[in-house]
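So you can see what is in the structure, the chains are spelled out below.
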Amino acid sequence: EAAVTQSPRNKVTVTGGNVTLSCRQTNSHNYMYWYRQDTGHGLRLIHYSYGAGNLQIGDVPDGYKATRTTQEDFFLLLELASPSQTSLYFCASAPGAGNQAPLFGEGTRLSVL
Amino acid sequence: QQKVQQSPESLIVPEGGMASLNCTSSDRNVDYFWWYRQHSGKSPKMLMSIFSNGEKEEGRFTVHLNKASLHTSLHIRDSQPSDSALYLCAASKDMGYKLTFGTGTSLLVDP
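Residue positions are given per chain, counted from 1 along the sequence in the order it is written. Chain letters start at A and ligand numbers start at 1, both assigned in the order the entries are written. Local features are withheld for residues below a pLDDT of 70 in this predicted model, meaning they are given only at 70 or higher, and side-chain atom pairs are given and counted only at 80 or more; totals for whole chains, interfaces and linings count all residues. By convention in this description, side-chain values take in all heavy atoms of the structure and omit both hydrogens and water.

Asker: An account of the state of the cysteines is needed here, citing residue identities and associated values.
Answerer: The rule for a disulfide is simple: a pair of cysteine sulfur atoms within 2.5 Å. Under the definition given, this model contains 2 disulfides over all chains. Two residues, Cys23(A) and Cys91(A), share a disulfide whose sulfurs are 1.9 Å apart. Handedness of the Cys23(A)-Cys91(A) disulfide follows from its S-S torsion of about -75 degrees: it is left-handed. Within this pair, whereas Cys23(A) is found in strand 3 (residues 19-25), its partner Cys91(A) is found in strand 9 (residues 87-94), the two being separated by 68 residues in sequence. Given a relative accessible area of 1%, Cys23(A) falls into the buried group. The residue that forms a disulfide with Cys23(B) is Cys89(B), at a sulfur-sulfur distance of 2.0 Å. The sign of the -70 degrees torsion about the S-S bond sets the Cys23(B)-Cys89(B) disulfide as left-handed. Linking Cys23(B) in strand 3 (residues 19-25) with Cys89(B) in strand 9 (residues 85-92), this pair joins segments that are 66 residues apart in sequence. Note on accessibility: Cys23(B) and Cys89(B) belong to one class, buried. Helical segments are the DSSP runs of H or I of at least four residues, strand segments are the runs of E of at least two, and each set is numbered from the N terminus. Only protein chains enter the calculation, and the probe is 1.4 Å; a residue is then buried if its accessible area is under 20% of its type maximum, exposed if over 50%, and partly exposed in between.

Asker: Go over the interface of chain B and chain A, please, and point to the residues and values.
Answerer: It only takes one pair of heavy atoms within 4.5 Å for two residues to be counted as in contact. Listed per partner, the contact involves 21 residues of chain B and 21 residues of chain A. On the chain B side of the interface with chain A, the three residues burying the most area are Tyr97(B), Lys98(B) and Phe101(B), jointly 35% of the side's total. Within this document, salt bridges are pairs made up of a side-chain nitrogen of Lys or Arg and a carboxyl oxygen of Asp or Glu, the two lying within 4 Å of each other. Our enumeration of links across chain B and chain A arrives at 2 salt bridges. Lys98(B) serves as the salt-bridge partner of Asp59(A), at 3.3 Å between the closest nitrogen and oxygen. Polar contact criterion, stated in full: a pair of N or O atoms within 3.5 Å, where within protein one must be able to donate a hydrogen and the other to accept it, and residues adjacent in sequence count only if both atoms are side-chain atoms. The interface formed by chain B and chain A includes 6 residue pairs in polar contact (both at pLDDT 80 or more). Contributions of two or more residues to the side of chain B that touches chain A are made by strand 4 (32-38), strand 5 (45-50), strand 9 and strand 10 (100-101) of chain B. Broken down by element, the residue count for the side of chain B that touches chain A peaks at 3 residues, all from strand 4 of chain B. Each residue gets one of three labels, nonpolar for Ala, Val, Leu, Ile, Met, Phe, Trp, Tyr, Cys and Pro, charged for Asp, Glu, Lys and Arg, and polar for the others, Gly among them. Of the residues in the side of chain B that touches chain A, the class split is 11 nonpolar, 7 polar and 3 charged. Once two parts are put together, the accessible area they lose, assessed with a 1.4 Å probe and summed over both, is termed the buried area.

Below, the structure written as structure tokens:
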């Protein structure tokens, strides 16, 4: 069964701290995405990738870096976390062919104090 | 400004009733629309997609698309309490590779 696994599921850090959110998909999908979800804003795309080593800028990239180390693994890095980055983060993957919409992971709730 | 606008923001329908949700894109380059459903505390799950003008029905769910106006609507008949969720509309210029989401419609089905 297709799956996208995120870790950790919950994270608390302090302002200025470093945070890495991890995402792994075992679906052989080419495309992977990082979204954040905030009340009143819906889901907003941070970064996405077409494959290992590829990175594309999304709609709200400021303050975030991402790296796609393998076909399966996509990481989101917050190097100087700020309270404005407190949010629910979702990773998703899509095959890159056909009409299959992105499949989402279960989310990581991040609090920056 | 949100490129994908959804209305209403929230909706209450009685159990067994019809729920109608709307979505419009202000980006004229989009070609594909998806509807996702997100139950409280869960991740979004794709509900239906529509790429051509017209109507598509799957069980109690029907979607319409008017590509000229870039408007899509989702209709849920015989609504059930389990349909209570946040419904997200998404649009893209190509086959799902960069989706732009609306802010969602929160549906409550009153038993």
